[in-house]
Amino acid sequence: RKEVEQDPGPFNVPEGATVAFNCTYSNSASQSFFWYRQDCRKEPKLLMSVYSSGNEDGRFTAQLNRASQYISLLIRDSKLSDSATYLCVVRPTSGTYKYIFGTGTRLKVLA
Amino acid sequence: GAVVSQHPSRVICKSGTSVKIECRSLDFQATTMFWYRQFPKKSLMLMATSNEGSKATYEQGVEKDKFLINHASLTLSTLTVTSAHPEDSSFYICSARGTSGPSYEQYFGPGTRLTVT
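Draft legend 1. View of the pairing of strand E7 (residues 60-65) of chain A. Residues and elements named next belong to chain A. In this sheet, E7 lies alongside strand E6 (residues 55-57) in antiparallel orientation, the contact comprising 3 bridges. By the bridge assignment, Glu 56 is partnered in E7 with Thr 61. Here E6 folds back onto E7, and the loop between the two strands holds 2 residues, one of which, Gly 58, carries a positive phi near 65°. Examined bridge by bridge, E7 and strand E8 (residues 70-75) share 6 bridges and lie antiparallel to one another. By the bridge assignment for E8, Thr 61 is matched with Leu 74. Counting the residues in the hairpin turn of E7 and E8 gives 4 residues, including Gln 69, whose phi is positive at 60°.

As structure tokens, this is what we get:
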């Protein structure tokens with residue numbers, strides 16, 4: 001089983017739609033969780049950290065379910081500019097600063 | 001915000017030659033830098049963790065004699081791909097961990113696209 005798993009997509013959605021991505025992780029001791037966005041041929045950029053209580057940043061909402069070991073990202077009112085690959089990232093344990101990346105989920109927002 | 005640069009952004013080299021990629025933290029000191037590679041339509045795979053003043057820690061399956069890492073200062077780490085082969089063609093991305101703010105946060109460089117012919 002991969003350490004961090006995501007549905008690769010692509011998710012093709014119309015502008016204005018709401019879309020949700022899920023991610024599962026295998027290490028129950030994982031400490032930190034993030035969603036990164038990566039545009040084609042560019043470096044990943046931090047979208048948001050994911051906190052246990054859930055957190056929201058504008059149209060983006062992240063949730064963490066430690067019991068089930070999954071993380072979600074909800075995007076409301078999708079924009080064309082949201083088209084990108086969304087990477088789920090986990091810091092596996094408190095003794096390391098390493099990040100483990102999921103394979104990413106591709107999103108295409110269609111006009 | 002923290003800025004990380006990489007140089008070169010793109011390089012084409014012939015098989016058998018060596019290529020050096022630089023990763024710099026521009027406005028902060030980075031005790032730890034990370035090197036990743038990414039194949040087309042795949043995720044980032046951690047290659048090694050680079051600690052200033054000590055030997056890099058390589059991930060399983062990464063040849064340390066092929067991918068030489070030097071972290072000689074708090075703002076610079078280099079990755080040298082030795083005796084490059086076409087299968088080394090990839091997108092190489094570095095990241096740096098800052099010494100202030102969330103201690104686990106990584107800042108990514110813009111990446112270096114290596115093509116070995």
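Picking up after the structure, the text goes on.
Draft legend 2. A look at the side chain of Thr82(B). Mapped onto the elements of the fold, Thr82(B) is located in the loop between strand E8 (76-81) and strand E9 (90-97). Within polar-contact distance, the side chain of Thr82(B) engages the backbone oxygen of Asp65(B) at 3.2 Å.

Calculation criteria
Residues numbered from 1 in each chain as written. Chains lettered and ligands numbered in written order. Predicted model: local features only at pLDDT ≥ 70, side-chain atom pairs only at ≥ 80, totals over all residues. Heavy atoms only, no water. Pairing = 2+ DSSP bridges. Helix = DSSP H or I, 4+ residues; strand = E, 2+ residues; numbered from the N terminus. Polar contact = N/O pair within 3.5 Å; in protein donor to acceptor, adjacent residues only side chain to side chain.

Structural measurements only, silent on function.
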